[in-house]
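Geometric and topological summary
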Amino acid sequence: MLFINIPLVLLALLILSDLYLKYSPRSDLVLIPIDYKIKKKDNLNEIRIDFKIVNKSKFKETMVSNLNLELDFFKSKGNEYFKNMDYEEDIYIYNGSRKENIKNYWPTTIIKSNSETFIQVIIKFNNSDFRNKIKYIWLKVFWENYGHFGITNKKDCFLVNLDSKKLKTKEVIEVPINNDYDALAIRTDILGCFDEPLDTLINYSKGIVHKNDILTIGESPLAIMQSRYISPQNLEYSFFSKLLCYFFNPTSSLATACGMQLLINKIGVTRITLSLFIGFLFKLIGVKGIFYRLTGSESSLIDDISGTVTPYDKSIVMGPKNAKLFCKNLSRYLNIEVAVVDVNDLGGVKILASSNKSVNKILKKTLKFNPAGNADEKTPIVLIRHKE
């Protein structure tokens with residue numbers, strides 16, 4: 001009887017822990033990027049970046065007690081960090097026609113339930129040659145949320161590509177695969193949340209795709225364009241995340257408290273613990289990978305910090321959402337088959353979604369040599385083309 005009661009008590013404790021983690025008070029504010037524009041005014045080059053702060057709570061208002069910015073600058077080649085850029089910044093809060101310059105002091109701002117507040121960041125550069133010196137701005141927003149949950153410090157990061165509106169020569173790298181297929185890797189800029197996924201892939205592949213090509217896009221670049229990345233500082237990691245991460249290989253994205261906490265937030269402590277136990281039992285008889293089958297795609301698609309290109313190497317990237325729908329929509333426009341894939345340099349190929357399952361077998365054979373690369377190649381789009 002005792003051996004039956006102990007597992008039941010442990011299961012009940014896990015379920016109670018999940019309920020506590022799910023329903024414990026927390027901030028429902030999110031910072032959503034809208035758009036940015038580059039202008040010239042009063043002999044100064046300006047970048048205007050628009051955001052909105054949305055309160056998703058149905059009942060509770062929350063205050064933004066502080067908000068400030070930091071900027072990192074990167075050159076075009078090799079994502080090289082650039083120092084000593086001379087600039088000024090202004091932040092405006094606006095609703096409708098009313099627009100207020102905070103004049104370097106953020107006033108405590110109340111965001112009512114189910115409402116939103118808009119902010120505009122204006123960055124002014126005194127150097128007229130700044131666009132020849134830098135290509136990317138990594139905008140870091142540090143903001144405090146204050147309310148019924150206490151006070152929470154958040155950090156959100158956004159990539160601004162200063163060359164996104166420029167007409168660029170498309171660069172295609174041909175990679176021979178076998179006697180039947182070639183791969184064409186399409187070089188892109190570093191992608192970000194201001195890049196709408198469908199429009200971005202259409203623009204890069206237009207004029208390159210041929211009939212019967214298969215277009216593939218890496219799961220991490222797609223997730224990044226969908227804003228599916230998070231700074232570790234935004235995760236409230238628990239005792240369970242610190243404990244459960246010990247059961248994973250050090251190279252796994254679940255081997256850190258933050259990576260594990262992200263998975264806990266998605267599927268809960270109970271499911272993870274039971275999956276670990278069942279996975280361990282199957283390992284005893286030589287069957288591996290059961291944990292990832294039981295926890296679903298969320299567990300295998302988390303890329304912990306350092307797992308992505310600069311400047312996303314300090315963020316945790318999640319898997320993309322609605323990948324199947326994305327494939328079908330892009331396939332309908334380009335009139336070719338499309339797939340979202342997760343490929344590594346060790347020969348591992350995972351097809352997350354495709355517009356037609358008949359191409360999956362071809363992709364598993366042709367992508368095992370990873371024509372897109374796993375380093376800083378910036379070729380997330382790959383076309384698989386049958387040799388004539």
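Since we're looking at a predicted model, the values are computed, not measured. (Residues numbered from 1 in each chain as written. Predicted model: local features only at pLDDT ≥ 70, side-chain atom pairs only at ≥ 80, totals over all residues. Heavy atoms only, no water.)

1. Comments concerning the state of the cysteines
This structure, assessed with the given rule, holds zero disulfides. You can see Cys-193 has no disulfide; the closest cysteine sulfur is in Cys-157, sitting 9.9 Å from it. (Disulfide = S-S within 2.5 Å.)

2. Examining the sheet that holds strand E12 (residues 181–186)
The six strands lie next to each other as E11-E12-E18-E13-E16-E17, forming an open sheet whose pairing is mixed. The sheet is open, and its two borders are formed by strand E11 (172–176) and strand E17 (349–354), each paired with just one other strand. Each neighbouring strand pair of the sheet contributes to a mean axis angle of 30°, computed without reference to strand direction. Of the pairings in the sheet, the one linking strand E13 (residues 214–218) to strand E18 (residues 381–386) comprises four bridges and is antiparallel in character. Paired with Ile-214 across the bridge in E18 is Ile-384. Of the strands in this sheet, E12, E13 and E18 touch helix H3 (residues 197–205), which is tilted by about 130° from E13. Packed on one face of the sheet, helix H10 (residues 323–334) meets E13, strand E16 (337–343) and E17 and runs near 140° to E16. (Pairing = 2+ DSSP bridges. Helix = DSSP H or I, 4+ residues; strand = E, 2+ residues; numbered from the N terminus. Axes fitted to C-alpha atoms, helices over the stretch in contact; angles between N-to-C directions. Contact = heavy atoms within 4.5 Å.)

3. Describing the environment of Ile-336
Relative to the elements of secondary structure, Ile-336 occurs in the loop between H10 and E16. Taking the C-alpha atoms as reference points, Ile-336 and Ile-53, separated by 283 residues in sequence, lie 38 Å from one another. In contact with Ile-336, other than residues within four places in its own chain, are Val-209, His-210, Asn-212, Asp-213, Leu-215, Ser-331, Ser-355 and Leu-383.

4. So, the pairing of strand E8 (residues 116–125)
With respect to burial, E8 is a largely interior element, eight of its 10 residues being buried. Strand direction decides the pairing type here: strand E5 (residues 87–95) and E8, joined by eight bridges, are antiparallel. When the sheet's bridge partners are listed, Glu-88 is paired in E8 with Lys-124. (Buried < 20%, exposed > 50% of the residue type's maximum accessible area, 1.4 Å probe, protein only.)

Nothing here speaks to function; it is geometry throughout.
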